[in-house]
Amino acid sequence: MDKSVLKQFLKADFIFRDELFPTDEGTPQGGIISPILANMTLDGMQKVLSDRFHTNHLGKVNLHFKNAHKVNLVHYADDFIVTAATKEIAEEAKEIIRDFLQTRGLELSEEKTLITHINDGFDMLGWTFRKFKGKLIVKPSQKSIKAFYTSLHETVLERGKVWKQADLIRVLNRQLRGWANYHQSVCAKNAFSRADHILYEMLWRWAKRRHPKKNRIWITANYWHSKGMRNWVFSTETAELMRLGEVPIIRHTKVRMDANPYLDTEYFTYRKFQNGMKRLSGRFKKVWRNQNGRCYHCGQPMEICDEREIFYKIPKPMGGKDEVQNMAYVHKHCQSIFLEHRAKA
């Protein structure tokens, strides 16, 4: 990459709410340029590993013994793993990668770099990969689960201790839905059910703190209700808390090998729509189907993992109802722009 262009990327200021903020060094947390630069920097790592482990002394791939060492690279931005048949091969691959990074002014993090057996497992991107009796199982990592519990605790017992029940439900549903969307493609059923139990205990403490002189029967009758076939639903007349235990496990559908994101746009648009149809349920699934998985404001296809909100065509303060016909999915940033324009008008 041209160094002058890179320098402009890194030194460029950013604007937030019409105010200019300088960036003297580094890139902002979550900035789009960060993973791009990481991918560019690590480009070539696959080749150096292939040159050593996938080819013979003449530099040609031996089709009969291709990848006999089982060396494979999987990387996501600056996070990567390397598989190997033995610990010795893994140690050699580690040294090759260390030399590769050194020429780019980088070094392996000793704290995060680990050589382990697949039966003992490893963590990557919030998941634990481990073989049980020869079968690979992928689960949410303990670190990810602990961080999620911490965020729930902060919402319920710190920030939300003076909130109304409906406001608390709205914020919690956003957190629960986001965590469920990320983990529902792996073996997360036990983690989901356990999270429901932990959250119930937090909500009970929240309710008891608000009414220290009331007994259990009164608290239960005021905050937990029956909805259809479900009992003990933390709800109001207009809102109810979702249960992670009821979220279906939907396996990830692999992308077609010959699909080009720049040419096969119809395939990828349909894929995004189908992902939403598989992962959503109830009225939210109906809302998604009614608008073909497209943002109500900009009309662009939406990813199920996008930051999105429910838009009420007739706002609730003006008599709008919490019904499918009055609801639409919108990108979070599109909704912000819409609200700004409406405020100026």
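Just so we're clear, the structure is a prediction, and the values are computed from it rather than from any experiment.

A. Examining the packing of aromatic side chains more closely. The final tally for this structure, using the stated rule, is 17 aromatic pairs. When the centroid spacing of 4.2 Å and the interplanar angle of 0° are considered together, the rings of Phe148 and Trp179 count as stacked. Here Trp179 lies in helix α6 (residues 165–183) and Phe148 lies in helix α5 (residues 142–159), a separation of 31 residues in the sequence. With a centroid separation of 6.4 Å and 15° between ring planes, the pair formed by Tyr223 and Phe234 is classed as stacked. Residue Tyr223 is located in helix α8 (residues 216–223), and its partner Phe234 is located in strand β9 (residues 230–234); the two are separated by eleven residues in the primary sequence. By relative accessible area, Phe234 is classed as buried at 3%. In this structure, Arg104 packs its charged tip against the face of Phe100, placed 3.8 Å from the ring centre.

B. Inspection of the sheet that holds strand β6 (residues 127–132) at higher detail. Ordered in space as β5-β6-β7, the three strands form an open sheet in which the pairing is antiparallel. Two strands bound the open sheet, and with one partner strand each, they are β5 (122–124) and β7 (135–140). Averaged over all pairs of adjacent strands, the angle between their axes in this sheet comes to 30°, without regard to strand direction. Two elements, β6 and β7, share six bridges in a ladder whose sense is antiparallel. Opposite Phe132, over in β7, you have Lys135 as the bridge partner.

C. Up close: a nonpolar patch on the surface. Residues Met1, Val5, Phe9, Ile32, Ile36 and Met40 make up a contiguous nonpolar surface patch of about 580 Å² in total accessible area. The set of elements that each furnish at least two residues to the nonpolar patch consists of α1 (3–11) and α2 (33–42). Mapped onto the fold, Met40 is located in helix α2. Assessed through its relative accessible area of 42%, Met40 is described here as partly exposed.

D. Unusual backbone geometry, seen in detail. Phi angles above zero are rare outside glycine, and Ala77 is one such case at about 55°. A positive phi angle is found at Lys133, which is not glycine, with a value near 55°. Following the sequence through the fold, Lys133 ends up in the loop between β6 and β7. Owing to a relative accessible area of 90%, Lys133 belongs among the exposed residues under this scheme.

E. The arrangement of α8 in detail. Buried residues of α8: Ile219, Thr220 and Tyr223, and no others. Taken around the axis of α8, the buried residues stretch over an arc of 100°, which confines them to a single face. Exposed side chains of α8 directed beyond 90 degrees from the buried face belong to Ile217 and Ala221. The inward-facing, buried residues of α8 abut α6, α7 (189–210), β8 (224–227) and β9.

F. Structural context of the packing of helix α3 (residues 45–53) against helix α4 (residues 87–102). At a minimum axis distance of 10 Å, the contact between α3 and α4 shows a crossing angle of 135°. With respect to their mutual orientation, α3 and α4 come out oblique. Note on packing geometry: the crossing formed by α3 with α4 is right-handed. Taken together, the residues of α4 that come into contact with α3 (itself represented by Met45, Val48, Leu49, Arg52 and Phe53) are Ile89, Glu92, Ala93, Ile96, Ile97, Phe100 and Leu101. Classifying every residue of the contact of α3 with α4 gives ten nonpolar, no polar and two charged.

G. Looking closely at the pairing of strand β4 (residues 79–83). Bridge analysis of strand β3 (residues 72–76) against β4 gives five bridges, and the strand direction is antiparallel. Bridge pairing in β4 places Leu73 opposite Val82. Between β3 and the antiparallel strand that follows it, β4, lie two residues; Ala77 among them carries a positive phi value of about 55°.

H. Quick peek at the nonpolar core. Ranked by internal contacts, the top residues of the largest apolar core, which has 37 residues, are Val156, Leu203, Phe234 and Leu244. Sorting the residues of this core by element identifies β6, α5, α6, α7 and α8 as the ones contributing at least two each. Once residues within four sequence positions are removed from consideration, Phe234 is found in contact with Gln165, Leu168, Ile169, Leu203, Trp206, Tyr223, Trp224, Glu240 and Leu241. Counting 14 residues, the second-largest nonpolar core is a separate cluster that includes Met277, Val287, Val324 and Val330.

Definitions and cut-offs
- Residues numbered from 1 in each chain as written.
- Predicted model: local features only at pLDDT ≥ 70, side-chain atom pairs only at ≥ 80, totals over all residues.
- Heavy atoms only, no water.
- Phe/Tyr/Trp six-rings, centres within 6.5 Å; stacked < 30°, edge-to-face > 60°.
- Helix = DSSP H or I, 4+ residues; strand = E, 2+ residues; numbered from the N terminus.
- Buried < 20%, exposed > 50% of the residue type's maximum accessible area, 1.4 Å probe, protein only.
- Lys NZ or Arg CZ within 6 Å of the ring centre and 35° of its normal.
- Pairing = 2+ DSSP bridges.
- Axes fitted to C-alpha atoms, helices over the stretch in contact; angles between N-to-C directions.
- Patch = residues over 30% accessible without salt bridge, like charges linked within 9 Å, V, L, I, M, F, W, Y side chains within 5 Å.
- Areas by Shrake-Rupley, 256 points an atom, 1.4 Å probe, with all protein chains shown as cover.
- Salt bridge = Lys/Arg side-chain N within 4 Å of Asp/Glu carboxyl O.
- Arc of directions from axis to C-beta.
- Contact = heavy atoms within 4.5 Å.
- Parallel < 35°, antiparallel > 145°, perpendicular 65-115°, else oblique.
- Left-handed = near helix turned anticlockwise from the far one by under 90°.
- Nonpolar A, V, L, I, M, F, W, Y, C, P; charged D, E, K, R; others polar.
- Core = buried A, V, L, I, M, F, W, Y, C linked by side-chain atoms within 4.5 Å.

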